[in-house]
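# Commentary on secondary and tertiary structure
Given next are the chains, with one letter for each unit.
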Amino acid sequence: MAQILWFENYQPADAPELGGKNTSLGTLTGAGLPVPPGFAVSADCYRKALADGGLTGQLDALIAVVDARDPASVAAAGERARALIGALKVPADLAAAIRGGYARLCEQCGDAGLPVAVRSSATCEDQPDASFAGEHDTYLWVRGGDAVVAHVLRCWASLFTDRGIAYRLERGYGRANVAMSVGVQQMVRPRAAGVAFTLNPLNGDRSQIAIDASWGFGEAVVSGEVTPDNFLVDKVMGTITKRTISAKTLEYRLTSADAVTAVPVEAERQSVPCLSDDEIQAVARLARRAEKHYKCPQDVEWAIDGAQAIDGAQSVLLLQSRPETVWSRKPRQTAACTADPITSMVQTLLHPSHGTPEGGC
């Protein structure tokens, strides 16, 4: 297995070494979906660095005595594990490979100081019974080869966040066979971003696509720091059947210090829809393509690239797609008003402009 694997060259046999997130990015790239370019550092690099540094046994011993029901026990083990990994020196050959990959990505994107996202991708992520969403760390707007190498090490350490340790123990993963791959990907500077579910997360209705959207980077939506705009889109007709526009008081935005920071949203933008109808439908189409490729309901992260003209599908980028893990394990059901595609079309024809009213079916 190569130390560096480009998303564009992904093959299914690579999946065990790339973790859930990077496997998804490689799969989506190969399927022709609009994914920002990048590469992955294999999980084997993590394993080898820990073994060479004499940490494998120490980390196993730390986790073996953790009581998942005791936050203090989890926190103490996590702090020690992160400190041990943070003190590692990234092997010289791997550091050179990462710097070389970053340089190639800069050349490919036409920016010598290309900002990238450095993203954790644990080998236990995005399983049918556990998503691990938000349990490990991602770093935004990283520039320079040395900085990318340093942030790869930080992603390795984030395998041992308190929430990550507790979640693995609760799900029976422990530490055995769990390792960390890391993705390095061209940074998007979004005008708006969010998540989309290819079913209605409130009732499991698979005839609908539910979109949560807010201004700026998607972190405010994923973390729950802002109440996002919400849209429901009919899968059959592609029409918007419900809209809820919220007061979006906070957004994550790039600051002059080259950092992504939470800032207040100007009053005049707070209660304005952050997506046009064309953009809502473009996000829905992209989510639907991901679902068709994977053949199961998906939880999709997306962004409207502010550097591109806002022209619908061309400006919507797919940042992640993982299996939906709540309703997908339950028997299929649909809401009474969309019990089948024919009924769905009739409802759309009856409400051609804005779909069903707020709070209605």
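Scroll up to find the structure this text is about.
Nothing here was measured: the structure is a model prediction, and the numbers come from that model. (Residues numbered from 1 in each chain as written. Predicted model: local features only at pLDDT ≥ 70, side-chain atom pairs only at ≥ 80, totals over all residues. Heavy atoms only, no water.)

### Section: the packing of helix H5 (residues 92-109) against helix H6 (residues 145-157)
Remark: H5 packs on H6, axes separated minimally by 9 Å, with the N-to-C direction vectors making an angle of 120 degrees. Here H5 is positioned oblique relative to H6, judged by the angle of their axes. Handedness of the H5/H6 crossing: right-handed. Residues Leu94, Ala95, Ile98, Arg99 and Tyr102 of H5 form the contact with H6, whose participating residues are Gly145, Asp146, Val148, Val149, Val152 and Trp156. Along the lines of polarity and charge, the residues of the contact of H5 with H6 split into eight nonpolar, one polar and two charged. (Axes fitted to C-alpha atoms, helices over the stretch in contact; angles between N-to-C directions. Helix = DSSP H or I, 4+ residues; strand = E, 2+ residues; numbered from the N terminus. Parallel < 35°, antiparallel > 145°, perpendicular 65-115°, else oblique. Left-handed = near helix turned anticlockwise from the far one by under 90°. Contact = heavy atoms within 4.5 Å. Nonpolar A, V, L, I, M, F, W, Y, C, P; charged D, E, K, R; others polar.)

### What about the nonpolar core?
Within the largest apolar cluster, 49 residues are counted, with the highest numbers of intra-cluster contacts made by Val41, Tyr46, Ile85, Val116, Val148, Trp156 and Phe160. Per-element tally for this core: the top contributor is H6, with seven residues. For Ile85, the residues in contact, after removing those within four places along its chain, are Tyr46, Leu55, Leu59, Leu153, Trp156, Ala157 and Phe160. Residues Phe7, Ala196, Leu286 and Val300 belong to the second largest nonpolar core, which totals 33 residues. (Core = buried A, V, L, I, M, F, W, Y, C linked by side-chain atoms within 4.5 Å. Buried < 20%, exposed > 50% of the residue type's maximum accessible area, 1.4 Å probe, protein only.)

### Focus: the side chain of Ser321
With respect to the helices and strands, Ser321 occurs in strand S13 (residues 316-323). There is a polar contact of 2.7 Å between the side chain of Ser321 and the side chain of Gln298. Apart from residues lying up to four places away in sequence, Ser321 is in contact with Ser24, Leu28, Ala290, Tyr294, Gln298, Asp299 and Val300. (Polar contact = N/O pair within 3.5 Å; in protein donor to acceptor, adjacent residues only side chain to side chain.)

### Some thoughts on the sheet that holds strand S8 (residues 229-234)
Strands in a sheet are paired, the pairing made by backbone hydrogen bonds, and the direction either parallel or antiparallel. A sheet is described by the order of its strands in space; here six strands give the open sequence S9-S8-S7-S6-S12-S13, paired in antiparallel fashion. At either margin of the open sheet sits one strand with a lone partner, and together these are strand S9 (240-244) and S13. Along the sheet, successive strands turn relative to each other by an average axial angle of 20 degrees, direction set aside. As paired strands, strand S6 (residues 190-197) and strand S7 (residues 208-215) are joined by six bridges and run antiparallel to one another. What sits directly across from Ala193, in S7, is Ser214. (Pairing = 2+ DSSP bridges.)

By themselves these figures say nothing about function.
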